[in-house]
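Below, each chain spelled out in residue letters.
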Amino acid sequence: MVSRGSNSSANGLLPTSWSRRHHLELESGAKVRLPTEFGDDVASSKNDDHDEDDDPFDIAQTKNAPHATLRRWRQTALVLNASRRFRYTLDLKKEEEKDRRRRMIRSHAQVIRAALLFKLAGERETGLSTTVTPATPSGDYGIGHEQLVSLTREHNISALQQYGGVKGISSMIKTNLEKGIDGDEADLVKRRDVFGSNTYPQKKGRSFLRFLWEAWQDLTLIILIIAAAVSLVLGIKTEGLSHGWYDGGSIAFAVILVIIVTAVSDYRQSLQFQNLNEEKQNIQLEVMRGGRTVKISIFDIVVGDVVPLRIGDQVPADGILITGHSLAIDESSMTGESKIVHKDQKAPFLMSGCKIADGVGTMLVTSVGINTEWGLLMASISEDTGEETPLQVRLNGLATFIGIVGLSVAALVLLVLWIRYFSGQTKDTDGKVEFESGKTSISKAVDGAVKIFTIAVTIVVVAVPEGLPLAVTLTLAYSMRKMMADKALVRRLSACETMGSATTICSDKTGTLTLNQMTVVEAYVGRNKIHPPDDSSQLHSLVSTLLSEGIAQNTSGNVFEPDGGEVEISGSPTEKAILSWALKLGMKFNAIRSESTILHVFPFNSEKKRGGVAVKGTDSKVHIHWKGAAEIVLASCTEYLDSNGCLQDITQDKEFLRAAIDSMAASSLRCVAVAYRPYELDKVPTEEENLSQWALPEDNLVLLAIVGIKDPCRSGVKDAVRLCTEAGVKVRMVTGDNLQTAKAIALECGILYSVEDATEPNIIEGKTFRELSEKEREEVAKKITVMGRSSPNDKLLLVQALRKGGDVVAVTGDGTNDAPALHEADIGLSMGIQGTEVAKESSDIIILDDNFASVVKVVLWGRSVYANIQKFIQFQLTVNVAALTINVVAAISAGHVPLNAVQLLWVNLIMDTLGALALATEPPTDDLMHRTPVGRRAPLITNIMWRNLLIQALYQICVLLVLNFMGNSILGLKEDNTQVASVKNTVIFNAFVFCQIFNEFNARKPEELNVFSGVTKNYLFMGIIGVTFFLQIMIIQFLGTFAKTVVLDWHHWLICFGIAIVSWPLAVVGKLIPVPKTPVSQYCRRAFQPCRR
């Protein structure tokens, strides 16, 4: 059963010492030193680092961050609407509730099993026979649904034995243990009807009404609704129903509009995340149906399916082991204990959701979906929670700072206006004093005070950028959806933005840089090169027989031979290539497997680079077959069979064979050797327990063949590597292949520029790197371009060394043993086709097509996320600075503000929701890959952004304040009355909104002179600009009663348009002004350091 919504990567396979150290580093606030701005001379001092450690919003890496750290920044943030601000961050209370529910379900299952074991033990002691209810037929099947479920859930071995073991159960549920179920549609429907489907009930996502409810819980909006209600009551009381409802009604209408637009935007985002989560949980796996290996979704598994199990797979449903060799299961996801449990015929029950830690096997599915413990667990905790991203945390810090400034300004405006009002200095548009002590009625005085209070609260709405952290989620949701089309599935939001800071990518070779379409193109038997390699006439019958036996039995692949159809080969690309070669040599796969019996298997191991099998033939002879990396298998050989079938001593010919391996490796071929040795039957352990612990002899081997497998480079990989290099991202190849093969592929892909570069330590063997001291590894890691014959542990050591050296590291991996490196890296990239479930769960992003070019696209999208957020910040801060300054200056000097509550709410809507939609969804451009990576502690607001926003804000402030104080003469308004004041204030409001619309274009390209490039391709941006223009015209021309505006004539519209359009040439001139490289934030920190000391 699949884990819906679970982002957990706790798979029990990570070294405890490593995970504990990593956790302690994060707990203590230890940070890896990272450059702030690549290419800039901006190295922060140690004192600066110490200062940053005190900042709760400075969390450079939220991956694996402890809850205490995450709780700290939430408590420090100034938040007006917590349900909206923290919606897509990790819900710490729900996490605790999940853990409690997990423990309860686990302990319940363990109690049931313990009681059953106690009962069985008691019956054995007293000599009583264990009574098992006979199987009750259900429909066409020999056992009922409930009996089958309780058998597996209770791990009732006694009942299993009485039902005839796994063979008895399989006959009851009409399954062939070798070929699986028939798998036709009628059979599948019948099985789902009787035994259920492999799904579980999901909690429904939030409804639109829930989003409406959350949107209005903003403290400022609640205050405005109360103020609107008071204003409505007082207005109707003083002016009557016909005109008295305008003030309160217009504010209420504006607030409702803000709530609806916000809710619609948030609801759309939630649907995007929902779709992505469903995609994430749709695991693809192989099953046997009708003798054929087919790939299906985990949701399509049915009771009776025969499922092959390999290292790194997830157990897809509850079941019983059919056969297994060295099978070890990590049950930590169910039991909570990271102990590895070995499975055999004495302990055959397998639980859904567990991972295969070692070995191989096949299982019979007996329970699916909600009938499994995993299904029960997931159904009870299936609601998805979010997770922090470093950018979200930093933006919360920025929002908090701006919010404090805004609150202070609003309080100042409120105080000044109230003092002016109650001291009789405030006059209305006709020049009359609004409040006269002893003459003005209480209701009128309260109404005046409420209006002033409403303005102050509205300033807070504009000043506190509640949508700023949520804009990260918006751009991430957009990016994640688009990245799916680029074959990248994001599992963790933070990885999306961290990828923009990546300085190095440690990539696998096979399938990532190459096509993973393997074919045997060269073969050596003894000293003879077989040409063509599949010509069986050049081989002696003994060599052919032993080769066929070794390849057919020592494989994790399968061959399906339909009647009259084409042969189907399944398995890993390497296995498929070797099986295909052997079939051409005349191997009869099914016949060989039926004629000999497998005694014990040593599955292929990425540490040892080989796998072996012990088989007993019909003549009771035992052969031990090995297959693996050519030079490693060759080192264990003492003899070889030549093409004539004669046994030869290998001592004299080892150099020749090594040279043959090097020659093939230099031609980019993967070299695999096949060897065997005869073994005495009486030396093979007879007890099942001893047999499972038996270490297959791997010395004194007889070499049968060495093959060279061609795996061509992907067509676009050279361009992708060049693009990375230009973008300041170093590509390193880390492969388990021979160093010569790795070197040849690296030259072909452009990772190595020339043969002269191919010297140590540029290219290095994993063993050599492993043997260096920790300090030496740190020094050498920076220089490494290619690492050959590397184990997963070597990859982990390389990642750790690079991170300590200040690199932001992305790592690709597909195997179970890659999990620690994927977990340790800043960004773990697993492979969607060849990757195991353990690797996928430990990764942050899944590359669906296993292609390196897709990795480069992820880098581009990561940079795009950061760039889009910066565009939005620049745009929003310009509005903040301008609106606050205009209202403060006007309030203090004139006693009234030109922008009223409704107008400010409309500006807030343009700035917050619509602005985020327009700017946060800008598609990435190629020029992003011509910049250096963004340092993770690089300032969010760069000097270029400060320059741009200050120029625009100062222009708007100057022009609009001039209009405010001298507007009558400038606009040719001679009389000084209510109508004239309304015209002037309408022009100020209209010009202010137009300035924001025009400035939105400037925000698209903070560094480029041409702000219009690609604008017509961004339909969402153009649509939002068009909608904003249209609504602004509607407000001025038709909704004047609500917005306190009047209809403007054409020359007033031209003035507004002229004021706004100046922002474009002004932006061009501003971009010609040079800015210092040292960030403004660093100057400020230096200035305040003496005070802090």
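Cut-offs and rules
- Residues numbered from 1 in each chain as written.
- Predicted model: local features only at pLDDT ≥ 70, side-chain atom pairs only at ≥ 80, totals over all residues.
- Heavy atoms only, no water.
- Helix = DSSP H or I, 4+ residues; strand = E, 2+ residues; numbered from the N terminus.
- Contact = heavy atoms within 4.5 Å.
- Areas by Shrake-Rupley, 256 points an atom, 1.4 Å probe, with all protein chains shown as cover.
- Polar contact = N/O pair within 3.5 Å; in protein donor to acceptor, adjacent residues only side chain to side chain.
- Pairing = 2+ DSSP bridges.
- Axes fitted to C-alpha atoms, helices over the stretch in contact; angles between N-to-C directions.
- Patch = residues over 30% accessible without salt bridge, like charges linked within 9 Å, V, L, I, M, F, W, Y side chains within 5 Å.
- Salt bridge = Lys/Arg side-chain N within 4 Å of Asp/Glu carboxyl O.
- Expected span 1.5 Å × (residues − 1).
- Bend = angle between axes of the 7 residues up to and from the residue.
- Buried < 20%, exposed > 50% of the residue type's maximum accessible area, 1.4 Å probe, protein only.
- Parallel < 35°, antiparallel > 145°, perpendicular 65-115°, else oblique.
- Core = buried A, V, L, I, M, F, W, Y, C linked by side-chain atoms within 4.5 Å.
- Left-handed = near helix turned anticlockwise from the far one by under 90°.
- Right-handed = clockwise from strand over helix to strand, strands pointing away.
- pLDDT = per-residue confidence, 0-100.
- Phe/Tyr/Trp six-rings, centres within 6.5 Å; stacked < 30°, edge-to-face > 60°.
- Lys NZ or Arg CZ within 6 Å of the ring centre and 35° of its normal.

Chemist: Looking at this structure, I do not really get the overall build of the protein chain. What am I missing?
Modeler: Looking only at helices and strands, the protein chain features 41 helices and 26 strands. Residue pairs at least 24 apart in sequence account for 75% of intrachain contacts in the protein chain once pairs closer than 6 positions are excluded. For the protein chain, the exposed surface amounts to about 44700 Å²; the carbon and sulfur share of it is 57%.

Chemist: Got a minute to help me understand the side chain of Ser596 in this structure?
Modeler: By the element assignment, Ser596 lies in the loop between α22 (589-595) and β14 (597-605). Only 2.9 Å separates the side chain of Ser596 from the backbone oxygen of Ile592, close enough to count as a polar contact. Look past the residues within four positions of Ser596 in its chain and what remains in contact with it is Gln553, Lys616 and Gly617.

Chemist: Sorry if this is basic, but what is going on with the environment of Asn1018 here?
Modeler: Inspection of the secondary structure puts Asn1018 in the loop between α36 (978-1004) and α37 (1019-1038). Residue contacts for Asn1018: discarding those within four places in its chain leaves Ala918, Thr921, Glu922 and Pro923. A distance of 3.2 Å separates the side chain of Asn1018 from the backbone nitrogen of Phe1021, its partner in a polar contact.

Chemist: Got a minute to help me understand the sheet that holds strand β9 (residues 504-507) in this structure?
Modeler: Backbone-to-backbone hydrogen bonds pair the strands of a sheet. The strands run either parallel or antiparallel. Ordered by their spatial adjacency, eight strands build an open sheet running β8-β26-β25-β24-β9-β21-β23-β22, and the pairing between neighbours is mixed. The outermost strands of the open sheet, each flanked by one partner alone, are β8 (488-490) and β22 (763-765). In this sheet, adjacent strand axes meet at a mean angle of 20° when their direction is disregarded.

Chemist: Could you clarify how one ought to interpret a nonpolar patch on the surface in this entry?
Modeler: A contiguous nonpolar surface patch, about 420 Å² in accessible area, is contributed by Val889, Val962, Phe965, Met966 and Ile970. If one sorts the elements of the nonpolar patch by residue count, helix α35 (residues 943-970) sits on top with four residues. For Phe965, the location among the structural elements is in helix α35.

Chemist: Just checking my understanding: could you explain α35 for this structure?
Modeler: An ideal rise of 1.5 Å per residue puts 40 Å on 28 residues; α35 reaches only 35 Å between its terminal C-alpha atoms. The axis of α35 is deflected most strongly, by about 65°, at Asn964. Immediately beyond the C-terminal end of α35, within one or two residues, lies Gly972, with a positive phi of roughly 75°.

Chemist: Where do I start with unusual backbone geometry in this structure?
Modeler: Phi is mostly negative for residues that are not glycine, and the peptide bonds are mostly trans. Cis geometry marks the peptide bond from His531 to Pro532, where omega comes out at -5°. Topologically, Pro532 is positioned in the loop between β11 (528-530) and α20 (541-553). For the peptide bond that leads from Glu760 to Pro761, omega is 5°, which places it in the cis range. A positive phi is found at Lys609, a non-glycine position, where the angle reads about 65°. On the secondary structure map, Lys609 appears in the loop between β14 and β15 (610-616). Of note in this structure, Ser668 is not a glycine but carries a positive phi near 70°. Mapped onto the elements, Ser668 comes out in the loop between α24 (654-666) and β19 (669-679).

Chemist: Teacher, can you tell me more about the pattern of salt bridges here?
Modeler: All told, the structure shown has 31 salt bridges when counted by the stated rule. For Glu214, the salt bridge goes to Arg210, with nearest N and O atoms at 3.4 Å. With Glu214 and Arg210 both in helix α10 (residues 208-215), this residue pair falls four residues apart, about one helical turn. Given a relative accessible area of 4%, Glu214 falls into the buried group. Judged by its relative accessible area of 40%, Arg210 is partly exposed. Where Asp719 meets Arg722, a salt bridge forms, and the shortest distance between an N and an O atom there is 3.6 Å. One end of the pair, Asp719, and the other, Arg722, are both in helix α26 (residues 717-726), three residues apart, so they sit about a helical turn from each other. When its relative accessible area of 46% is taken as the criterion, Asp719 is described as partly exposed. With relative accessibility at 42%, the residue Arg722 sits in the partly exposed group.

Chemist: Quick question: what am I supposed to make of the packing of helix α29 (residues 774-781) against helix α30 (residues 792-804) here?
Modeler: Relative placement of two packed helices is described by the angle separating their axes and the distance separating the axes. Here α29 crosses α30 at 80°, and the two axes come no closer than 8 Å. Classified by the interaxial angle, the pair formed by α29 and α30 is roughly perpendicular. Along the contact surface, α29 presents Glu774, Arg777, Glu778 and Ala781, while α30 presents Leu797, Leu798, Ala801, Leu802 and Lys804.

Chemist: What exactly am I supposed to notice about helix α8 (residues 165-172) here?
Modeler: Owing to its 3.6 residues per turn, the α-helix aligns residues three or four sequence positions apart on the same side. Among the eight residues of α8, six are classified as buried, and the element is accordingly described as predominantly covered. Those residues of α8 not exposed but buried are Gly165, Val166, Gly168, Ile169, Ser170 and Met172. Close packing links the buried residues of α8 with α6 (145-153), α7 (157-162), β4 (318-330) and β7 (355-367). Looking one or two residues beyond α8, the residue adopting positive phi is Lys174, at roughly 55°.

Chemist: I would appreciate a short explanation of the nonpolar core in the present structure.
Modeler: In summary, soluble globular proteins display a tendency toward joint burial of nonpolar side chains. Ranked by size, the top nonpolar core spans 160 residues in total, and within it Leu395, Ile827, Ile845, Phe852, Ile873 and Phe992 carry the most contacts. Looking at this core, the element that brings in the most residues is helix α33 (residues 852-894), giving 22 residues. Discounting residues that sit within four places of it in the chain, Ile873 has contacts with Leu395, Leu398, Leu468, Leu940, Ile941 and Met945. Counting residues in each nonpolar core, the second largest holds 41 residues, with Val166, Met288, Leu309 and Val315 among its members.

Chemist: I keep staring at the packing of α33 against helix α34 (residues 901-920) and nothing clicks. Help me out?
Modeler: Closest axis-to-axis distance for the α33/α34 pair is 9 Å, and the angle between their directions is 170°. By the angle class used here, α33 and α34 are roughly antiparallel. Our pair here, α33 against α34, has a crossing hand that is right-handed. For the pair formed by α33 and α34, the contact residues are Asn868, Lys871, Phe872, Phe875, Gln876, Val879, Asn880 and Asn887 on the first element and Leu904, Val907, Ile910, Met911, Asp912, Gly915, Ala916, Leu919 and Ala920 on the second.

Chemist: It is not clear to me how the environment of Phe253 should be interpreted in this structure. Could you clarify?
Modeler: You can see Phe253 is positioned in helix α13 (residues 246-281). Classification of Phe253 as partly exposed rests on a relative accessible area of 46%. Between the C-alpha atom of Phe253 and that of Ile225, which follows or precedes it by 28 residues, the distance is 9.5 Å.

Chemist: What is the right way to look at the pairing of strand β25 (residues 827-831) in this model?
Modeler: Two faces belong to every sheet, and in a regular strand the side chains alternate between them. Taking burial as the measure, the five residues of β25 include five buried ones, the bulk of the element. Burial of β25 is two-sided: the residues Ile827, Leu829 and Met831 facing one way and the residues Gly828 and Ser830 facing the other way are all buried. Note: strand β24 (residues 809-813) against β25, four bridges, orientation parallel. Across the sheet, the residue bridging to Ala810 is Ile827, located in β25. A crossover connection joins β24 to the parallel β25 through helix α31 (residues 819-824); in handedness this β-α-β unit is right-handed. Taken together, β25, helix α32 (residues 837-842) and strand β26 (residues 845-847) constitute a β-α-β crossover, and its handedness is right-handed.

Chemist: What am I meant to see in the confidence of the model for the protein chain here?
Modeler: In low-pLDDT segments, the atomic positions of the prediction should not be examined closely. Predicted confidence across the protein chain gives a mean pLDDT of 82, with 86% of residues reaching 70 or more. Predicted confidence for residues 1-53 stays below pLDDT 50, and this span has 134 contacts to residues more than four positions away or in other chains.

Chemist: Even after reading the chapter, I still don't get the packing of aromatic side chains, so can you show me in this structure?
Modeler: The description of an aromatic ring pair rests on the distance of the ring centres and on the angle between the ring planes. Under the criterion given, the structure shown has 19 aromatic pairs. Relative to Phe1029, the ring of Phe994 lies with its centre 5.2 Å away and its plane at 75°, an arrangement referred to as edge-to-face. Of this pair, Phe994 sits in helix α36 while Phe1029 sits in helix α37, placing them 35 residues apart in sequence. Aromatic pair Phe1001 and Phe1021: ring centres 5.2 Å apart, planes at 85°, arrangement edge-to-face. Residue Phe1001 is found in helix α36, and its partner Phe1021 is found in helix α37; the two are separated by 20 residues along the sequence. The residues Phe1001 and Phe1021 share a single accessibility class, namely buried. Taken together through their ring pairs, the aromatic side chains of Phe994, Phe998, Phe1001, Phe1012, Phe1021, Phe1029, Trp1053, Phe1057 and Trp1064 make up a single cluster. In this structure, Arg527 packs its charged tip against the face of Phe656, placed 4.2 Å from the ring centre. Over the ring of Phe1021 we find Arg1004, and its NZ or CZ is 5.6 Å from the ring centre.

Chemist: What should I look at first to understand the pairing of β19 in this one?
Modeler: Within β19, 10 of the 11 residues are buried, which leaves the element mostly enclosed by the surrounding structure. Here eight bridges tie strand β16 (residues 622-629) to β19, and the two strands are oriented antiparallel to one another. By the bridge assignment, Val622 is partnered in β19 with Tyr679. Relative to strand β20 (residues 701-710), β19 is paired through eight bridges, and the arrangement is antiparallel. Paired with Tyr676 across the two strands is Val702, which belongs to β20.

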